[in-house]
Amino acid sequence: MNLFNPQTRLTFPADDPALVNALQIQSRALLTAHNDRRYADRWAIFKAMVLVVAWLSCYLIALGAQAKWVFALAYLAMMLFAMLLAVNVVHDASHNAFVRGKRANARLSFLAALPLGLDADSWRVRHVRFHHGFTNIECYDPDTAENGLLRQTPWQRWRPFMRAQRFYWPLVAGLTFPWYIWVVDWLDRCGLTPVTPHLARRGAAGWSRFLVSKAVHLILTLALPLWLLADRLGGLTVLGTYVVSQLIASLIFVMLIIGTHWAKGYSQLPPSTGRMTQGRIAHTFATTFDWRPTPAWLGYWLGGINLHLTHHLFPHWHHRHYPALCSIIADIAQQQGMDYSVLTLRDLLSLQQHFLRKMGQPPERDTP
């Protein structure tokens, strides 16, 4: 289970005014110099359309497949394109950064999340309000909440099998999407989690939209393929391919986003007073990394989520701006004497392993 239970309202003190002003002035100058806006441009919209066409093409190939291996490969590619739609469209739209206006972003997020099956409204609250608001804070960040399988902070319960968590964590990461799609989304909608009060749509309207999204996903990804292909390829082939494809897409997503916060290895208990000791910008530097993939163009198709510290500092900016913003952050961090570095993918994975190995060890007796 992945539960979190924020009890007290947390507040952050103001960050260093010099740091805040430098980030604001240079980021505004970036837009002014190019007569630009913080939202998506026509090329970002074109990329989203390419992903939709690629998803649809793979879907049609899968439905027309005569051989199991063709179906499996096309279906897996379809699910990976659905994941890329989520990181390129849903992610930005959740922050109202894809187009201007909350309603337009909400509609776009709803449509772009259908192929993957996630409830866009629930994911927005979990990601924007709680994860961004309280990154790596025990009981407040749902992404690092205690789940009984992975120990992600020193204050979570340790079990002997967790000594091996650095080896089995890909399976847990792979189960994240199915768990959210078929369990957590429903708990959120039923009023059983702290997410429910913050959903944009509740009551009959919220339930109608929610049920439509789940039904469309189920029909597209399972019911229609089973109806067309069960006799030809076998129902177990279709079901098994759906499960494996979801696992792989989920693994990639979790490794690239949550793994960034694992790499930093910093977490904390919520202060009893409810007041944090450092500002939000300082907290972001303490919990988050930027990294660059090889080849570098992969970052473009990954929706800029590799520049994750940049995203946390500028969540309301479309990811097309992240490379330029990353350079601004690097210069300002050096001037302000702040710890900032851009990792390679190998560095990121190595630090993830170090973190999981450390958290998998039996806790010391004096650990709070």
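Bear in mind that the values here come from a model prediction, so they are computed numbers and not experimental data.

Colleague: Would you mind going over the UniProt feature "transmembrane region" (unreviewed entry) in the protein chain in detail, with residue names and values included?
Modeller: This chain's UniProt record puts "transmembrane region" (unreviewed entry) on residues 44-63, 69-90, 167-187, 207-230 and 242-263. Summarising residues 44-63: 100% helix, 0% strand, and an end-to-end C-alpha distance of 29 Å. The span residues 167-187 is 95% helical and 0% strand by assignment, and the distance between its end C-alpha atoms comes to 29 Å.

Colleague: Describe the packing of aromatic side chains, and please don't skip the residues or the numbers.
Modeller: Tallying each qualifying case throughout the model produces 15 aromatic pairs. When the ring of Trp43 is compared with that of Phe46, the centres are 6.2 Å apart and the planes differ by 90°; the resulting orientation is edge-to-face. With Trp43 and Phe46 both in helix α2 (residues 42-63), this residue pair falls 3 residues apart, about one helical turn. Residue classification places Trp43 among the exposed positions, given a relative accessible area of 53%. The class of Phe46 is partly exposed, set by a relative accessible area of 48%. Judged by centre distance (4.8 Å) and plane angle (85°), the rings of Trp186 and Phe210 are edge-to-face. Taken as a pair, Trp186 in helix α7 (residues 176-189) and Phe210 in helix α8 (residues 203-233) lie far apart in primary sequence, 24 residues in all. Each residue in the set Trp123, Phe177 and Phe253 is aromatic and connected to the rest through ring pairs, giving one cluster. The aromatic ring of Trp182 is capped on one face by Lys214, whose charged end is 5.9 Å from the ring centroid. One residue, Lys264, lies across the ring of Phe289, its end atom 4.0 Å from the ring centre.

Colleague: Requested: an account of the UniProt feature "domain: Fatty acid desaturase" (unreviewed entry) in the protein chain, with residues and values cited.
Modeller: Taking the numbering used here, the UniProt-annotated feature "domain: Fatty acid desaturase" (unreviewed entry) corresponds to residues 69-341. Secondary structure over residues 69-341 splits into 62% helix and 1% strand, and the C-alpha atoms at its two ends are 43 Å apart.

Colleague: I'd like a rundown of the environment of His261, residues and numbers included.
Modeller: Note that His261 resides in helix α9 (residues 235-264). Here the side chain of His261 touches Thr288 through a polar contact of 3.5 Å, side chain to side chain.

Colleague: Which residues make up the side chain of Asp143, and what values go with them?
Modeller: Inspection of the secondary structure assignment puts Asp143 in the loop between α5 (120-131) and α6 (165-174). Side-chain polar atoms of Asp143 contact the side chain of His131, separated by 3.3 Å. Once residues within four sequence positions are removed from consideration, Asp143 is found in contact with His131, Gln152, Tyr180 and Ile258.

Colleague: Quick one: what's the story with the packing of α6 against α9, residue by residue and with numbers?
Modeller: Running from amino to carboxyl end, α6 crosses α9 at an angle of 115°, the nearest separation of the two axes being 7 Å. When the interaxial angle is binned, α6 and α9 end up roughly perpendicular. Crossing angle aside, the handedness with which α6 passes α9 is right-handed. Facing α6, whose interface residues are Trp169, Pro170, Ala173 and Gly174, α9 presents Gln246, Leu247, Ser250, Leu251, Val254, Met255 and Trp262. Residue classes in the contact of α6 with α9 are distributed as 8 nonpolar, 3 polar and no charged.

Colleague: Before we move on, could you go through unusual backbone geometry and cite the residues and values that matter?
Modeller: Most peptide bonds take the trans form, and the phi angle of most residues other than glycine is negative. Each neighbour pair has its own omega, and for Thr294 with Pro295 the value is 0°, a cis peptide bond. In this fold, Pro295 is placed in the loop between β1 (290-292) and α11 (298-301). For Asn96, which is not glycine, the phi torsion reads 55° and is therefore positive. Among the secondary structure elements, Asn96 is positioned in the loop between α3 (68-94) and α4 (102-113).

Colleague: Let's hear about the environment of Ile328: which residues, and what values?
Modeller: If you trace the backbone, Ile328 turns up in helix α13 (residues 322-336). With relative accessibility at 10%, the residue Ile328 sits in the buried group. Sequence-wise, Ile328 and Leu30 are 298 residues apart; in three dimensions their C-alpha atoms are separated by 9.3 Å. Ignoring any residue separated from it by four or fewer positions in sequence, one finds Ile328 in contact with Gln26, Ser27 and Leu30.

Thresholds, definitions, all that
- Residues numbered from 1 in each chain as written.
- Predicted model: local features only at pLDDT ≥ 70, side-chain atom pairs only at ≥ 80, totals over all residues.
- Heavy atoms only, no water.
- UniProt positions renumbered as here; feature names shortened; annotations may be inferred.
- Helix = DSSP H or I, 4+ residues; strand = E, 2+ residues; numbered from the N terminus.
- Phe/Tyr/Trp six-rings, centres within 6.5 Å; stacked < 30°, edge-to-face > 60°.
- Buried < 20%, exposed > 50% of the residue type's maximum accessible area, 1.4 Å probe, protein only.
- Lys NZ or Arg CZ within 6 Å of the ring centre and 35° of its normal.
- Polar contact = N/O pair within 3.5 Å; in protein donor to acceptor, adjacent residues only side chain to side chain.
- Contact = heavy atoms within 4.5 Å.
- Axes fitted to C-alpha atoms, helices over the stretch in contact; angles between N-to-C directions.
- Parallel < 35°, antiparallel > 145°, perpendicular 65-115°, else oblique.
- Left-handed = near helix turned anticlockwise from the far one by under 90°.
- Nonpolar A, V, L, I, M, F, W, Y, C, P; charged D, E, K, R; others polar.

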